[in-house]
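Chain and residue survey
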Amino acid sequence: MGNQDNSFIEEGRGASVSRKTNETDIQLAFGVDGTGRSEIETDVPFLNHMLDLFTKHGQFDLQVVAKGDIEIDDHHTVEDIGICLGQTLHTALGDKKGIKRYASVFVPMDEALAQVVIDISNRPHFEYRAQYPSQQVGSFSTELVQEFLWKFALEARITLHVIVHYGQNTHHMIEAVFKALGRALDEATAVDPRVTGVPSTKGVL
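Residues numbered from 1 in each chain as written. Predicted model: local features only at pLDDT ≥ 70, side-chain atom pairs only at ≥ 80, totals over all residues. Heavy atoms only, no water.

Focus: helix α1 (residues 45-58)
Since the α-helix packs 3.6 residues into each turn, any two residues three or four apart lie on the same face. Condition: Only DSSP runs of H or I covering at least 4 residues are called helices, and only runs of E covering at least 2 are called strands; the numbering of each starts at the N terminus. For a helix, the expected span equals 1.5 Å multiplied by the residue count minus one. Throughout, exposure labels follow a simple rule: accessible area from a 1.4 Å probe, protein chains only, divided by the maximum for the residue type, with under 20% read as buried, over 50% as exposed, and the rest as partly exposed.
Helix length check: α1 (14 residues) gives 20 Å between terminal C-alpha atoms against 20 Å at 1.5 Å per residue, within 8%. When α1 is considered as a whole, its buried residues turn out to be Phe 46, Leu 47, Asn 48, Met 50, Leu 51, Leu 53, Phe 54, Thr 55 and Gly 58. Positive phi shows up at Gln 59, right after α1, with a value of about 55 degrees.

So this is what it looks like as structure tokens:
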């Protein structure tokens, strides 16, 4: 894993990673300072859709090529993509000087409302409040949303709170979460010219 070592990331803060296990084979490149460009190829179509939304609404650049043991289920592929995305975010942000650090974003999707609150704290923590009407969206298990977000927060070393306040359509509720995640992360990683060094009285994040 290294900073900006993938040609997909043209400029700005970015990183790429390759992860190969007995369960998955993943190549992922992520640019924080992007234009909403995505090239996503995984064996999990619903996750492809959610990552595309996340990228567009966060104005990131994201390239993912992933193969996994989906003949068992989608769990390992979803989990490992969350790991890789978190790792690249952590690397791309470097010493975190000048970033806003915090963000809280609400996103509606028709009848559903989701909220994502982020602290780029270097202290991994995850809180998740969501109850979905159905356990599946097509072939995708809704429990994998939590798995993806938790592994992402852990590897990115961020504090992440996700709250789905209400909704009736499970697809809409999850879509609102990924859109809110993109927008909150965009805001929290934005550089604030008023910030000198890192935004912490400790002097380090």
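Some remarks on the packing of helix α3 (residues 143-156) against helix α4 (residues 170-189)
Condition: Axes here mean lines fitted to C-alpha atoms, for a helix over just the part in contact, with angles spanning 0 to 180 degrees between N-to-C directions. Oblique is the label for every angle not falling under 35 degrees (roughly parallel), over 145 degrees (roughly antiparallel), or within 65 to 115 degrees (roughly perpendicular). The sense of a crossing depends on the near helix, which, turned anticlockwise from the far helix by less than a right angle, makes the crossing left-handed and, turned clockwise, makes it right-handed. Any two residues having at least one pair of non-hydrogen atoms within 4.5 Å are treated as being in contact. Only Asp, Glu, Lys and Arg are considered charged in this grouping, and only Ala, Val, Leu, Ile, Met, Phe, Trp, Tyr, Cys and Pro are considered nonpolar; every other residue, Gly among them, is considered polar.
It is at 12 Å that the axes of α3 and α4 come closest, and there the two elements cross at 15 degrees. When the axis of α3 is compared with that of α4, the two are roughly parallel. Crossing of α3 against α4: the hand is left-handed. Residues Val 145, Phe 148, Leu 149 and Phe 152 of α3 form the contact with α4, whose own contacting residues are Ile 174, Val 177, Phe 178, Leu 181 and Leu 185. Taken together, the residues of the contact of α3 with α4 break down into 9 nonpolar, no polar and no charged.

Examining the sheet that holds strand β8 (residues 125-129)
Hydrogen bonds between backbone atoms are what pair the strands of a sheet, whose relative direction is either parallel or antiparallel. Operational definition: Note: two strands are recorded as paired if DSSP finds a minimum of 2 bridges between them.
A sheet is described by the order of its strands in space; here 4 strands give the open sequence β6-β7-β11-β8, paired in mixed fashion. Unpaired on one side and paired on the other, β6 (102-109) and β8 mark the two borders of the sheet. Taking each pair of neighbouring strands and ignoring which way they run, the sheet shows an average axis angle of 10 degrees. Lying on the sheet, α3 is in contact with β8 and β11 (159-166); it crosses β8 at an angle near 160 degrees. Sheet strands in contact with α4 are β6, β7 (112-119) and β11, and its direction is about 150 degrees off that of β6.

Quick word on the pattern of salt bridges
The cut-off we apply is this: We define a salt bridge as a side-chain nitrogen of Lys or Arg found within 4 Å of a carboxyl oxygen belonging to Asp or Glu.
Across all of its chains, the model carries 13 salt bridges by this definition. One salt bridge in this structure joins Asp 25 and Lys 20, with 3.4 Å as the shortest N-O distance. Residue classification places Asp 25 among the partly exposed residues on the basis of a relative accessible area of 27%. For Arg 194, the salt bridge goes to Asp 192, with nearest N and O atoms at 2.8 Å. Residue classification places Arg 194 among the exposed positions, given a relative accessible area of 72%.

All we've got here are geometric facts, nothing functional implied.
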